[in-house]
Amino acid sequence: MKSGKVRMGVLGGSFGASFQWHLHPHSTVEAVCDALPERRRALQETYSCGKAYTDFDQLIADPDVDAVAICSGAPWHARQSIAALKAGKHVWCAVPAAMSIEECQELVETVEKTGLTYMMGETSYYRQTMISARQWWREGRFGEIFYTEAEYHHAGLEPLFVNPDGSRSWRYAFPPMHYPTHCTAFLVGLTGERLTEVTCYGWGDDRQELRDNDYGNPFWNQTALFRTDHGHTFRVCIFWQGAHRGTERAQWYGTKMSFFMEHPNGLGPVIVRSTEAQETDDAGFVRTLPVFEQYEPVEWWKTEMLPEPLRVNTGHDGSHAFLTHEFVDALVNGRRPAIDVYEAVAYTAPGIIAHQSSLRDGEKLQIPQFDRR
């Protein structure tokens, strides 16, 4: 960081153009990269950057680039992250971190060997209601969270199955549980628990995509039940097809308080608190009466949590500005980012194993752990 600012290189002109590297007071965009001319131009226009590459190897060879933001397709994240680290660059990478347990292991080992910073850009970690939930957790308001549910429903992906040149894209019949982090972050990124075992089932039909894809994937939708290292239960549903409305949400059940994120069917965020009050149910039984209240989400992106130039309402419920700031601030202050390599694989690996479980008709499988030795 010879210029006093983190000099970023940005790969991927679609998703890559949705961050604020150019607005942060401690970073600037030195170079951009995309194989497609129109996407390169979009990156250059977004970041007012004159230097553009067509090849990732050129980007990470640039001596004026301190760190790279990798916003390419999921199958290339691990290998590009590892190559960038070996080239001496800090890495910010879109989700998921890897496609296999072996890639997870190699990524961790490369970060440890190089001593460089790696951060995964998981948007669920910085959704506005997730920031609130994390604050309540630290304050002990939930009590013990004994059960969590998370859902990522995203029908209508078919237009993304094809590249501009007509070839199949990486999204063609991509296994749902290989894209788990929008869900797993809601628990692992809240309590710090690790997911240790899983049983998972999948559903598919007879469509051509499921009979012929690079992943050998027969499922559109997958549902997993995880156990944590604290003995808690966590249900995750990732659906690519069906009569449902799109969502990325969670609900946490605690001994003192439960919290339900906004539901796509119209119910806003809700808090339920335990009380001493009682009621009589329709069968005549007396039971405790929890308090039910609507929650008005705080717009954390407007607060001092972000530098003034980054207080803009960004993608994925305001998360992009937080992801930008967390990475740059970690580099400037020489600290580990919130979603470092150990968190990244703790979000990613459970989905990889869950997919294996569904291929084995729900066999219970153990999930490898990668935390610092």
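I will try to describe carefully the structure that is included in this document.

The rules we used
Residues numbered from 1 in each chain as written. Predicted model: local features only at pLDDT ≥ 70, side-chain atom pairs only at ≥ 80, totals over all residues. Heavy atoms only, no water. Helix = DSSP H or I, 4+ residues; strand = E, 2+ residues; numbered from the N terminus. Rg over C-alpha atoms; globule rule 2.2 N^0.38 Å. Buried < 20%, exposed > 50% of the residue type's maximum accessible area, 1.4 Å probe, protein only. Contact = heavy atoms within 4.5 Å. Areas by Shrake-Rupley, 256 points an atom, 1.4 Å probe, with all protein chains shown as cover. Salt bridge = Lys/Arg side-chain N within 4 Å of Asp/Glu carboxyl O. Pairing = 2+ DSSP bridges. Axes fitted to C-alpha atoms, helices over the stretch in contact; angles between N-to-C directions. Phe/Tyr/Trp six-rings, centres within 6.5 Å; stacked < 30°, edge-to-face > 60°. Lys NZ or Arg CZ within 6 Å of the ring centre and 35° of its normal.

A few words on the overall build of the protein chain. A tally of helices and strands in the protein chain yields nine helices and 17 strands. Taken against the 2.2 N^0.38 rule, which gives 21 Å for 373 residues, the C-alpha radius of gyration of the protein chain at 21 Å falls within 12% of a compact globule. Each of the three principal axes of the protein chain carries a C-alpha extent, and together these read 75 × 50 × 40 Å. The proportion of buried residues among the 373 residues of the protein chain is 55%. For the protein chain, restricting intrachain contacts to residue pairs at least 6 apart in sequence, the fraction spanning at least 24 positions comes to 64%. Of the roughly 16,200 Å² of accessible surface on the protein chain, a fraction of 49% belongs to carbon and sulfur atoms.

With that settled, consider the pattern of salt bridges. Within this structure, the stated rule accounts for 23 salt bridges. Of the charged contacts in the structure, one is a salt bridge between Arg7 and Asp64, with a shortest N-O distance of 3.8 Å. With Arg7 in strand E1 (residues 6-11) and Asp64 in the loop between helix H2 (56-61) and strand E4 (67-70), this pair connects stretches of sequence that are 57 residues apart. We classify Arg7 as buried; its relative accessible area is 10%. Close ionic contact of Glu158 with Arg207 constitutes a salt bridge, the shortest N to O distance being 3.4 Å. In this pair, Glu158 is assigned in the loop between strand E7 (145-153) and helix H6 (181-191) and Arg207 in the loop between strand E8 (195-203) and helix H7 (208-211), connecting sequence segments 49 residues apart. Assessed through its relative accessible area of 26%, Glu158 is described here as partly exposed. Each of Arg7, Glu30, Lys51, Asp62, Asp64 and Asp66 takes part in a single network of salt bridges with overlapping partners.

Judged by pairing direction, the sheet is mixed, and its nine strands sit side by side in the order E16-E13-E12-E11-E7-E10-E9-E8-E17 without closing on themselves. The open sheet has two edge strands with one neighbour each: strand E16 (291-294) and strand E17 (365-366). One ladder, built from two bridges, connects strand E11 (residues 247-254) with strand E12 (residues 257-260); its direction is antiparallel. Bridge assignment links Gln251 to a residue of E12, and that residue is Phe260. Across the sheet, helix H9 (residues 341-359) lies against E8, strand E9 (221-228) and E17, angled at about 50 degrees from E8, the strand it touches most.

Taken as a whole and assessed by the stated rule, the structure comprises 25 aromatic pairs. Ring plane angle 80 degrees and centroid distance 6.2 Å describe the contact between Phe186 and Trp252, whose orientation is recorded as edge-to-face. Taken as a pair, Phe186 in helix H6 and Trp252 in strand E11 lie far apart in primary sequence, 66 residues in all. For Phe186, a relative accessible area of 0% translates into the label buried. Taken together through their ring pairs, the aromatic side chains of Trp136, Phe142, Phe186, Trp252, Phe259 and Tyr295 make up a single cluster. Its guanidinium or amino end placed over the ring of Tyr125, Arg134 lies 3.6 Å from that ring's centre, counting from NZ or CZ.

Turning our attention to the sheet that holds strand E3 (residues 52-53). Taking strand neighbours across the sheet as the criterion, the six strands line up as E3-E2-E1-E4-E5-E6 in an open arrangement whose pairing is parallel. Both outer strands of the open sheet, E3 and strand E6 (118-120), are each paired with one neighbouring strand and no more. Across four bridges, E4 lies against strand E5 (residues 90-93) in parallel orientation. Pairing of Val68 across the sheet is with Val91, part of E5. Contacting E1, E4, E5 and E6, helix H3 (residues 77-86) runs over the sheet at an angle of about 160 degrees to E5.

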